[in-house]
Amino acid sequence: MLARYWLTSRCLLLVVAAASLCSGPLWAAAPGFEAFAREAAMSDARLSPNGQHLAALQRFTRDGKQLLLIYDAADLGAKPVTLGSSKMDIDRFRWVNNDYLVVRFRQDIDTLQKLGVATRFAFKLASIDRNGKRWREIPRNRTDRRSEISKTIHDLVGSDIFDLLPKDDEHILIRQIDDSNGVRDIYKVNVITGWGQRVARNSNKIFLTHIDEQGQPRLALSFDAGDEAIVYLGRLKGQKEWLEMGRLVANMDANSQIFRTLMLLDSPSGNEFLVLSNHESDTAGIYVYDLEKQAFGELQFRHPNYDATGLRTVLDGDRNRQIVGFEYTGKARDVYLVDAQEDARYQAINRVLPGVSNRIVSRSDDFSSMVIRAEGPQMPPSWYLLKGEKLSLLGRSLPELGEDSLAPVEWVHYRARDGMEIPALVTVPPGDAPFPLVVLPHGGPVARDYWGFDIWAQLLAYHGYLVVQPQFRISEGFGRRHLEAGFARWGHQMQDDLEDAITYLAERNLADPGRAAIFGWSYGGYAALVGSFRDPNPFRCAIAGAAVAELPYFRAWLADSSVFAEKAYRKTVAGLNPLDHADSVDVPLLLIHGDKDERVPVQESRKFVEKLEQFNRANKPGKRYRYLELEGANHFFGTIYYRHYMEMYPAIINWLDDTCRLAERGAPVAGLQNSGE
């Protein structure tokens, strides 16, 4: 195990510095919508390997570009080196050595979609020295004879990091499109000169996922068109032949089947790997896989209630990766630490930063300095520098939101009407219960919420609403049975789980069941549409964001996808079709959609609005609705911006407060009114 651990379980001395890297006040007593809508003031911070410099991604206005700032770690108050671009956001960076970093830029470009690329976002890589004087796009441009379209796509889509090569101070491995077939090959690039050379080829059939220290490809993915399956492949040390390790076939079972290769083990044979699998249990565990025998070996870790997700590793003195823990979904993306010294370190940190989820995201090679990311319901993501036994605040993502303006969150379980246990997060506002309630289902729907900071739940709680986030059947991370129970049950049992949360909270006298609303995005938007017409309807109000409105169209769109996961996922998408029930909407309905949405096309909401309009032209009173289309907004966090949230957040709160009058006890709400806005 690691030889350089030094921190004992003694209490650390907490010294919160004067937020020297932060912009604006630490927090305001009464934040407005601006405080919730702003882009992150800080989104990452990392130390150089020797611990002498610290780099951070920061913004200095609520809607400004994200910049990379490089500080002297011994004098954070000194003027930093500031790097950025007026055209592209820096969205990621890593230290390669003590003097050089590699950064990734992101830009939203319409041209990509016109060229048939499946995203609007362009990414480029560059290397930069810590003084900001040697900036090189990598790999460096060179003369080639590819078609103009191929070169254009390459110039826009660019490269991404494959491996940082921790034992090599000058080189990294990247993936880069360099052929007319659009496949990304693996290149070894010198970060100082910017020049690179191809070291391994991908193809339309083989996609490499791991290259060992000798430069030999060892793990790969393949697509079997005949069986419509993803095949996980491995190579024996020194051999060229690919051997099958696992297979996920595009059928209903594949959607709950888990198999993933994690790491090549330092074993005598050099042919043992760690893999993630649920082949013999409800929850996924981590196993040794012997490639020579093509068989699973010893189980290393499995949690009885949650799926394992990966490994927690650190670099030892020889810059080898050492496993210190096993990660699993848990309440808050948890970890089971198996190294006593790492466990002692976290116990010490948790005593000084209690009630939040802490993660060491960066550390110096001698372990004398480290950066900690802390997050909790009442603490937006925040970064601290630990040097010796002194802990200093570096910055917060949302500096205007403090504990006094944020609400605590409970992790609970309740029984659905058919007896299934449903985990849930409950955000409790200040004041006297029972509260008006907002049911906030997550998107996906094969996804889940975690205990921590949730901007939408906190916005609603700040305005007096109790918020429940049910981890309804089909939510991932709770084992195979919980996942499969929601397959093809859209709008049926999945919707029951949401409604049964109202009963649970009413029985606890936390929620007023007569003042319940539903608000969701993506699949959550679909659930909100269903919540606007389902009979009997427990909701008095609905807000549907980026909602799937027509299931047959959405299934066909998934079937046409070139992405295996989407083709397989299509089989689980079945249930109530909201567009067929638009005439039955009986509560006020707010619809919100970005006009650049790539995931759920904006036509989905437009079609539903047209159905409401058709009803209103033929009937009086009409359906009470409002449609808000966000110009230039995409689908996900990070693709919807400050200006959009400043439209969206006041509209949501005004809809709940004024149109639906949920803040008033006993106030009637009419679902049938004049035409929409």
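Just so you know, these numbers come straight off a predicted model, no measurement behind them. (Residues numbered from 1 in each chain as written. Predicted model: local features only at pLDDT ≥ 70, side-chain atom pairs only at ≥ 80, totals over all residues. Heavy atoms only, no water.)

Remarks on the overall build of the protein chain
Next, step 1: In terms of regular secondary structure, the protein chain is built from twelve helices and 38 strands.
Next, step 2: Expressed as a percentage of the 677 residues in the protein chain, the buried residues total 56%.
Next, step 3: For the protein chain, the accessible area works out to roughly 28300 Å², and carbon and sulfur atoms hold 47% of it. (Helix = DSSP H or I, 4+ residues; strand = E, 2+ residues; numbered from the N terminus. Buried < 20%, exposed > 50% of the residue type's maximum accessible area, 1.4 Å probe, protein only. Areas by Shrake-Rupley, 256 points an atom, 1.4 Å probe, with all protein chains shown as cover.)

Examining the packing of aromatic side chains
Next, step 1: Taken as a whole and assessed by the stated rule, the structure comprises 22 aromatic pairs.
Next, step 2: Here the aromatic rings of Tyr 232 and Phe 259 are separated by 5.1 Å at their centres, their planes lie at 65°, and the arrangement is edge-to-face. You can see Tyr 232 sitting in strand S16 (residues 229-235) and its partner Phe 259 sitting in strand S18 (residues 259-264), a full 27 residues away along the chain. Accessibility assignment for this pair places Tyr 232 and Phe 259 in one class, buried.
Next, step 3: Through successive ring pairs, a cluster of aromatic residues spans Phe 301, Tyr 306, Phe 326, Tyr 328, Tyr 336, Trp 411 and Phe 478.
Next, step 4: A cation sits over an aromatic face here: Lys 331 above Trp 451, 4.6 Å from the ring centre. (Phe/Tyr/Trp six-rings, centres within 6.5 Å; stacked < 30°, edge-to-face > 60°. Lys NZ or Arg CZ within 6 Å of the ring centre and 35° of its normal.)

Some points on helix H11 (residues 603-618)
Next, step 1: The end-to-end C-alpha separation of H11 is 23 Å, in line with the 22 Å expected for 16 residues at 1.5 Å each.
Next, step 2: Within the span of H11, buried status applies to Glu 604, Ser 605, Phe 608, Val 609, Leu 612, Phe 615 and Asn 616. Take H11 and look down its axis: the buried residues cluster within an arc of 130°, on one side only. Within H11, the exposed residues directed more than 90 degrees away from the buried face are Arg 617 and Ala 618.
Next, step 3: Packed against the buried residues of H11 are helix H8 (523-530), helix H9 (551-559), strand S35 (589-594), strand S36 (622-623) and strand S37 (625-630). (Expected span 1.5 Å × (residues − 1). Arc of directions from axis to C-beta. Contact = heavy atoms within 4.5 Å.)

What to know about helix H12 (residues 642-659)
Next, step 1: Taking 1.5 Å of rise per residue, the 18 residues of H12 would be expected to cover 26 Å, and the 24 Å separating its terminal C-alpha atoms lies within 8% of that figure.
Next, step 2: Taken together, the buried positions of H12 are Tyr 642, His 644, Tyr 645, Met 648, Tyr 649, Pro 650, Ala 651, Ile 652, Ile 653, Trp 655, Leu 656 and Thr 659.

Describing unusual backbone geometry
Next, step 1: Look at the link from Asp 535 to Pro 536: it is a cis peptide, with omega at 0°.
Next, step 2: Tracing the backbone through its elements, the reader meets Pro 536 in the loop between H8 and strand S34 (541-545).
Next, step 3: The residue after Lys 620, namely Pro 621, is reached through a cis peptide bond having omega 0°.
Next, step 4: Of note in this structure, Ala 488 is not a glycine but carries a positive phi near 60°.
Next, step 5: Taking the relative accessible area as the measure of exposure, Ala 488 reaches 22% and is therefore partly exposed.

Thoughts on the sheet that holds strand S23 (residues 321-328)
Next, step 1: Read from one edge of the open sheet, three strands run S22-S23-S24, paired in antiparallel fashion. The open sheet has two edge strands, strand S22 (308-315) and strand S24 (334-337), and neither has a second partner. Here the strands of the sheet are splayed against their neighbours by 40° on average, with no regard to which way each runs.
Next, step 2: Lying over the sheet, helix H4 (residues 340-352) contacts S22, S23 and S24, oriented at roughly 135° with respect to S24. (Pairing = 2+ DSSP bridges. Axes fitted to C-alpha atoms, helices over the stretch in contact; angles between N-to-C directions.)

Some thoughts on the packing of helix H5 (residues 455-462) against H12
Next, step 1: Contact pair H5 / H12: the axes reach a minimum separation of 11 Å and the direction vectors enclose 45°. Classified by the angle between their axes, H5 and H12 sit oblique to one another. Considering the relative orientation of H5 and H12, their crossing is right-handed. Across from Ile 455, Trp 456, Leu 459 and Leu 460 in H5, the residues of H12 making contact are Tyr 645, Met 648, Tyr 649, Ile 652, Ile 653 and Leu 656. (Parallel < 35°, antiparallel > 145°, perpendicular 65-115°, else oblique. Left-handed = near helix turned anticlockwise from the far one by under 90°.)

Quick look at the nonpolar core
Next, step 1: Counting 60 residues, the largest nonpolar core has Leu 437, Leu 466, Trp 490, Leu 505, Leu 589, Leu 591 and Phe 608 as the members making the most contacts within it.
Next, step 2: With sequence-adjacent residues up to four places away left out, Leu 589 is seen in contact with Leu 529, Ser 532, Ala 542, Ala 544, Phe 608, Leu 612, Arg 624, Tyr 625, Arg 626 and Trp 655.
Next, step 3: Counting residues in hydrophobic clusters, the runner-up holds 39 residues, among them Leu 406, Trp 456, Ile 592 and Tyr 645. (Core = buried A, V, L, I, M, F, W, Y, C linked by side-chain atoms within 4.5 Å.)

With respect to the state of the cysteines
Next, step 1: For the structure shown, the criterion picks out one disulfide.
Next, step 2: A sulfur-sulfur separation of 2.0 Å characterises the disulfide bridge that pairs Cys 541 with Cys 660. Note on the Cys 541 and Cys 660 pair: the S-S dihedral is about 50°, so by sign convention the disulfide is right-handed. Of the two residues, Cys 541 sits in strand S34 while Cys 660 sits in the loop between H12 and strand S38 (672-673), which places them 119 residues apart along the sequence. One exposure class covers both Cys 541 and Cys 660, and it is buried. (Disulfide = S-S within 2.5 Å.)

Here we look at the sheet that holds strand S20 (residues 285-290)
Next, step 1: If you walk across this open sheet you meet the four strands as S18-S19-S20-S21, and the pairing is antiparallel. The open sheet has two edge strands with one neighbour each: S18 and strand S21 (295-302). Taking each pair of neighbouring strands and ignoring which way they run, the sheet shows an average axis angle of 30°.
Next, step 2: Sheet topology note: the S20/S21 ladder contains five bridges and is antiparallel. Within S21, the residue paired with Tyr 287 across the bridge is Leu 299.

Quick look at the pairing of strand S28 (residues 390-396)
Next, step 1: Among the seven residues of S28, six are classified as buried, and the element is accordingly described as predominantly covered.
Next, step 2: Inspection of the sheet shows strand S27 (residues 379-387) paired to S28 by six bridges, in the antiparallel sense. Within S28, the position partnered with Leu 386 by the bridge is Leu 391.
Next, step 3: Taking the residues between adjacent antiparallel strands as the criterion, S27 and S28 are bridged by two residues, where Gly 388 takes a positive phi near 65°.

Regarding the side chain of Ser 277
Next, step 1: Along the chain, Ser 277 falls in strand S19 (residues 272-277).
Next, step 2: Using a relative accessible area of 1% as the deciding quantity, one classes Ser 277 as buried.
Next, step 3: A distance of 2.7 Å separates the side chain of Ser 277 from the side chain of His 279, its partner in a polar contact. (Polar contact = N/O pair within 3.5 Å; in protein donor to acceptor, adjacent residues only side chain to side chain.)

What to know about the environment of Tyr 523
Next, step 1: The residue Tyr 523 is located in helix H8 in this model.
Next, step 2: Between the C-alpha atoms of Tyr 523 and Val 600, which are 77 residues apart in sequence, the distance is 9.4 Å.
Next, step 3: In this view, Tyr 523 contacts His 442, Gly 443, Gly 444, Pro 445, Phe 472, Trp 490, Gly 491 and Met 494; residues no more than four positions away in its chain are not counted.

Brief notes about the environment of Glu 375
Next, step 1: Among the secondary structure elements, Glu 375 is positioned in strand S26 (residues 369-376).
Next, step 2: Along the chain, Glu 375 and Trp 451 lie 76 residues apart, while their C-alpha atoms are 9.3 Å from each other.
Next, step 3: The contacts of Glu 375, once residues within four sequence positions are left out, are Val 356, Ser 357, Pro 381, Trp 451, Gly 452 and Phe 453.

Structural notes on the confidence of the model for the protein chain
Next, step 1: Per-chain confidence: the protein chain averages 88 in pLDDT, with 86% of residues scoring 70 or above.
Next, step 2: Per-residue pLDDT stays below 50 along residues 1-20; that stretch engages in 58 contacts with residues further than four places along the chain or on separate chains.
Next, step 3: Across residues 23-28, confidence stays below pLDDT 50; counting only partners more than four residues off in sequence or on other chains, it has 18 contacts. (pLDDT = per-residue confidence, 0-100.)

Digging into the environment of Phe 105
Next, step 1: Considering the arrangement of structural elements, one finds Phe 105 in strand S7 (residues 100-108).
Next, step 2: Placed 18 residues apart in sequence, Phe 105 and Phe 123 show a C-alpha to C-alpha distance of 5.4 Å.
Next, step 3: The contacts of Phe 105, once residues within four sequence positions are left out, are Ser 85, Met 88, Asp 89, Ile 90, Asp 91, Ala 122, Phe 123, Lys 124, Ala 126 and Trp 135.

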